[in-house]
Amino acid sequence: MYLRYRPEVLRTIMGDGHQRPLECSGANCEGPAQRQRVLAPVALAASPDGSLYIGDFNLIRRIGTDGTVKTLLRLK
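Residues numbered from 1 in each chain as written. Predicted model: local features only at pLDDT ≥ 70, side-chain atom pairs only at ≥ 80, totals over all residues. Heavy atoms only, no water.

Thoughts on the sheet that holds strand β5 (residues 68-74)
Read from one edge to the other, the open sheet built from five strands follows the order β1-β5-β4-β3-β2, with strand pairing classed as antiparallel. Strand pairing shows two members of the sheet lacking a second neighbour, β1 (31-32) and β2 (41-46), which therefore form its edges. As judged from the five bridges shared by strand β3 (residues 52-56) and strand β4 (residues 59-63), these two strands associate in the antiparallel manner. Among the inter-strand pairings, isoleucine 54 is bridged to a residue of β4, identified as arginine 61. (Pairing = 2+ DSSP bridges. Helix = DSSP H or I, 4+ residues; strand = E, 2+ residues; numbered from the N terminus.)

Right, here's the structure in full:
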């Protein structure tokens, strides 16, 4: 199977088109991915279990397979 023959599909799984504030805590940074915002995504990685890891300016965030976001690391 050649990937170039497959239809292209692009879905937004996190964010609503608006930027989050620099200082982000609690419900503003964790919860359902569709309700979360990103400031400046700089990196994206996938894990074997299906989770996505996002480098978002000063945060490293994880979108789990259940669609929830958890902030793993905050850089100062």
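There is more to say after this.
A few points about the side chain of asparagine 58
Among the secondary structure elements, asparagine 58 is positioned in the loop between β3 and β4. Not counting residues within four places of it along the chain, the set of residues in contact with asparagine 58 comprises Arg20, Leu22, Leu73, Arg74 and Leu75. (Contact = heavy atoms within 4.5 Å.)

Some points on the side chain of glutamine 36
Take glutamine 36: it is sitting in the loop between β1 and β2. Using a relative accessible area of 2% as the deciding quantity, one classes glutamine 36 as buried. A polar contact is formed between the side chain of glutamine 36 and the backbone oxygen of glutamate 30, at a distance of 3.2 Å. Sequence-distant contacts of glutamine 36, defined by excluding residues within four places in its chain, comprise Met14, Gly15, Asp16, Ala27, Asn28, Cys29, Glu30, Gly31, Arg61 and Val69. (Buried < 20%, exposed > 50% of the residue type's maximum accessible area, 1.4 Å probe, protein only. Polar contact = N/O pair within 3.5 Å; in protein donor to acceptor, adjacent residues only side chain to side chain.)

Topic: the pattern of salt bridges
In this structure the tally under the stated criterion is four salt bridges. Where aspartate 56 meets arginine 20, a salt bridge forms, and the shortest distance between an N and an O atom there is 2.8 Å. Residue aspartate 56 is found in strand β3, and its partner arginine 20 is found in the segment before β1; the two are separated by 36 residues along the sequence. Residues aspartate 56 and arginine 20 agree in their burial class; the two are buried. A salt bridge links arginine 61 to aspartate 56, with the shortest nitrogen-to-oxygen separation between them at 3.1 Å. Each of the two residues, arginine 61 as well as aspartate 56, counts as buried. Salt bridges sharing partners connect three or more residues here, namely Arg20, Asp56 and Arg61. (Salt bridge = Lys/Arg side-chain N within 4 Å of Asp/Glu carboxyl O.)

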